[in-house]
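Residue-level structural notes
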Amino acid sequence: MSGLGEAIGQATAYSSRYDDGTGHLSGAPGPSKERRPGVPADRRAVERLNPANPLWGSNGIAFGPDGRLYVAEFLGGRISAVDLAGGDLDVVVASDGPVRSPDDLAFGADGSMYIADLVPGRVWRRSPQGAYTLVCDGLKNPNGITCIGDRLFVNEMKADGRLLELFPDGGAPVVLTEGLALGNAMQRGPDGYLYYPHMVTGQVWRIPPDGGVPEMVADRVDRPVAVRFDLGGVLHVLSMGPEGIVTRVDLHGSGSRTQVVSGVVGLDNAAFDAENRMFVSSYASGGITEMRPDGRTRSIVPRGFDGPYGITVDLGGTVYAADHYRVAGPPVSAPAAHASAPVEDRGEASGQEEVTSHLLAPFVHGIVADGEVLHLTSQFGDVRTYDPGPRSLRTRVSGLSRPMGVTVDPAGSLVVAETGGGRVLAVGEDDTVTVLAEGLDRPVDVALDAEGRVYVSDERAGTVLRVEPDGTTAVIADGLDAPQGLAVLGDVLYTVETGRRRLRALCPHTSASWTEAEDLPVGAPPGLGAGLPEEEAELFTHGLPGLARRFAGIAAAPDGSLVLSGNGEGTVLRVTPSGPR
């Protein structure tokens, strides 16, 4: 578990676009007694509890013609190239271009990069000179993509998905087969066939690239998400589960089948270099990791948060963050080396992460600790309760419209901000739903004061409201720019004003308000330009989750500090507020 005090002592200042060049956040005072120029005297210090995450989730990976490893970042909307010698990153496909949600990529014989853009259902070609061409539109969740010479193949991650050949220079797609139970990363095998997983049924199949009858080659494989062949022709099947399982099948040799456990949570894809070294990605925590044949791992690009989104602290000081694909928290200890330090300086560890994974539970966006359990919300409609004792996850409510912030009232009911429905709801211990307020614009988070009064932040309206017993609302503050996370500490309300990247304090009793911290790393991730507005992103795509809206949560800790989501860089932040004014 990640104790608050322990994590603070081990925090490492990793490089971030929000740094001022000294390794500290630009809007906060430094650790010395002298204040840096331009920092107002009443601003509070901001501490990172974990390093910034270099990758916003890592999905498809492939070696390019230049020998670098290219990484598709689905949640970040970009593709980066990794120098394996030092772990340095270079953003090659920026998030303000035509590609919105890259999930996999492959290189053609001429050096062109082909990109599966999952949510809008497109496949793109990026020429060696950097020009983009739309290869195909109207696909349904295109995911696995591979090239055989100058031929291009893609499959669909959906029920009854298709495997198709596409023609970059024109021509209608050709369907090789249908009926895939969620396709994903695929590759040509040493026999010339295309190999691909059925994620739902736990199988691996193959088909000739010119078409024919599909054939199952492996069954009862643990949650297969990707198939890859090493240079010796041995099939490696990656599992998307929390254990980091890789199943090796020597289909064209001895026929043996072995399994290794790496501890890399949420494996997504793999690539082998010219020396037959295996590198893997994680959809759950990003990063690039070298995996040895015995399951030992070596961090190349460190793993971290995909968000984080909502955040909470239990009575023992353990920090939990809702991190889209999992519940996670800051590490108990963190390596002292910088993210861009040479690989050999970072040492070896089995399953090394810059955060602690507590639960792999897609999809998690709001969170609150309640005694021994955690209550979770998902923008995809669910409210769930997780009991870490028996490791049980119980659905309390489903079918809501983007439920986000969640808290617990004195009677034990859950109070939920239903962002898409414009409502504040109470979920009783018997799972009965009661409407506390409705007709709001975009409620994002909720908090209760010591008397049990409910407060809600309305992101689109720019307000913080108090919900009255009769269902009406009273304005506590207005004129805010996209307030999201909301917490109460003593007599003061605190909200993360993401539009102005600052922490605002509000006193309902005196109407006083002030800024506690500014220039926070919240909001759009680094590199996001003037692309598609977030509210236009599809929440669902062909029956599967699409793109979730970002959420910068905040919570009060038992020691009187505040912890909040630095979701612009993948950190958890700590602020000790000044108190009432």
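Scroll up a little and you will see the structure.
Each value, and the rule that gives it
- Residues numbered from 1 in each chain as written.
- Predicted model: local features only at pLDDT ≥ 70, side-chain atom pairs only at ≥ 80, totals over all residues.
- Heavy atoms only, no water.
- Helix = DSSP H or I, 4+ residues; strand = E, 2+ residues; numbered from the N terminus.
- Buried < 20%, exposed > 50% of the residue type's maximum accessible area, 1.4 Å probe, protein only.
- Contact = heavy atoms within 4.5 Å.
- Areas by Shrake-Rupley, 256 points an atom, 1.4 Å probe, with all protein chains shown as cover.
- Pairing = 2+ DSSP bridges.
- Axes fitted to C-alpha atoms, helices over the stretch in contact; angles between N-to-C directions.
- Phe/Tyr/Trp six-rings, centres within 6.5 Å; stacked < 30°, edge-to-face > 60°.
- Lys NZ or Arg CZ within 6 Å of the ring centre and 35° of its normal.
- 1 Å grid on protein atoms, 1.4 Å probe; cavity = no way out; pocket = protein on both sides within 12 Å on 5 of 7 lines; lining within 4 Å.
- Points joined across faces, edges and corners; volume = space filled by probe spheres on them.
- Nonpolar A, V, L, I, M, F, W, Y, C, P; charged D, E, K, R; others polar.
- Core = buried A, V, L, I, M, F, W, Y, C linked by side-chain atoms within 4.5 Å.

1. Some thoughts on the overall build of the protein chain
- Secondary structure assignment for the protein chain yields two helices and 50 strands.
- Evaluated residue by residue, the protein chain yields a buried proportion of 60% over its 581 residues.
- Pairs at least 24 apart in sequence give 48% of the contacts found in the protein chain among residues at least 6 apart.
- Accessible surface, the protein chain as shown: approximately 20900 Å² in total, 47% of it carbon and sulfur.

2. Remarks on the sheet that holds strand β3 (residues 69-73)
- Strands sit in the order β2-β3-β4-β5 across an open sheet of four strands; the sheet is antiparallel. Two strands in the sheet have a free side with no partner beyond their single neighbour: β2 (61-63) and β5 (89-93). Between one strand axis and the next, the sheet turns through 30 degrees on average, direction left out of account.
- Alignment of β2 against β3, held across three bridges, turns out to be antiparallel. Residue Phe63 lies in a different strand from β3, and its bridge partner there is Leu69.

3. Considering the packing of aromatic side chains
- In this structure the tally under the stated criterion is six aromatic pairs.
- Plain terms: the ring middles of Tyr325 and Phe363 are 5.6 Å apart, the flat faces sit at 50 degrees to each other, and that makes the pair tilted. Note that Tyr325 is positioned in strand β28 (residues 324-329) and Phe363 in strand β29 (residues 356-364), a separation of 38 residues in sequence. Each of the two residues, Tyr325 as well as Phe363, counts as buried.
- Taken together, a centroid distance of 5.0 Å and an interplanar angle of 65 degrees make the contact between Phe363 and Phe380 edge-to-face. In this pair, Phe363 sits in strand β29 while Phe380 sits in the loop between β31 (373-377) and β32 (383-387), placing the two residues 17 residues apart along the sequence.
- The exposure class assigned to Phe380 is buried, which follows from its relative accessible area of 13%.
- One aromatic cluster is present, formed by Tyr283, Tyr325, Phe363 and Phe380 through successive ring pairs.
- Positioned over the ring face of Tyr193 is Arg206, at 4.4 Å from the centre of the ring.

4. Side note on the layout of surface pockets
- In this structure, the second largest pocket spans a volume of roughly 680 Å³.
- If you trace the second largest pocket, you find 33 residues lining it, with Thr312, Val368, Ala369, Thr407 and Ala556 closest to the centre.
- Contributions of two or more residues to the lining of the second largest pocket are made by β26 (311-313), β30 (366-370), β34 (403-408), β38 (443-448), β42 (483-489) and β48 (554-556).
- Looking at which element gives the most residues to the lining of the second largest pocket, the answer is β30, with five residues.
- Of the residues belonging to the lining of the second largest pocket, the class tally is 21 nonpolar, eight polar and four charged.

5. Details of the sheet that holds strand β13 (residues 174-181)
- Pairing within the open sheet is antiparallel, and its four strands lie in the order β10-β11-β12-β13. The open sheet has two free edges, formed respectively by β10 (142-148) and β13, since each of these has just one partner strand. Pairs of neighbouring strands in the sheet enclose a mean axial angle of 20 degrees, with direction left out of account.
- Taken together, the four bridges between strand β11 (residues 151-156) and strand β12 (residues 159-166) define a ladder with antiparallel strand orientation. Looking at β12, one finds that Phe153 is bridged to Glu165.

6. Digging into the environment of Gly108
- Structurally, Gly108 is set in the loop between β6 (102-107) and β7 (113-117).
- Using a relative accessible area of 14% as the deciding quantity, one classes Gly108 as buried.
- Sequence separation between Gly108 and Arg151 is 43 residues, and the spatial gap between their C-alpha atoms is 7.5 Å.
- If near-sequence neighbours (up to four positions away) are discounted, Gly108 is found in contact with Tyr114, Cys147 and Gly149.

7. Describing the nonpolar core
- In this structure, Leu238, Val246, Leu267, Met278 and Val280 are the most contacted members of the largest nonpolar core, which totals 29 residues.
- Sorting the residues of this core by element identifies β18 (224-229), β22 (267-272) and β23 (278-282) as the ones contributing at least two each.
- A per-element tally of this core places β22 first, with three residues.
- Core analysis: the next-biggest nonpolar cluster, separate from the first, contains 18 residues, Leu503, Ala505, Trp514 and Ile554 among them.

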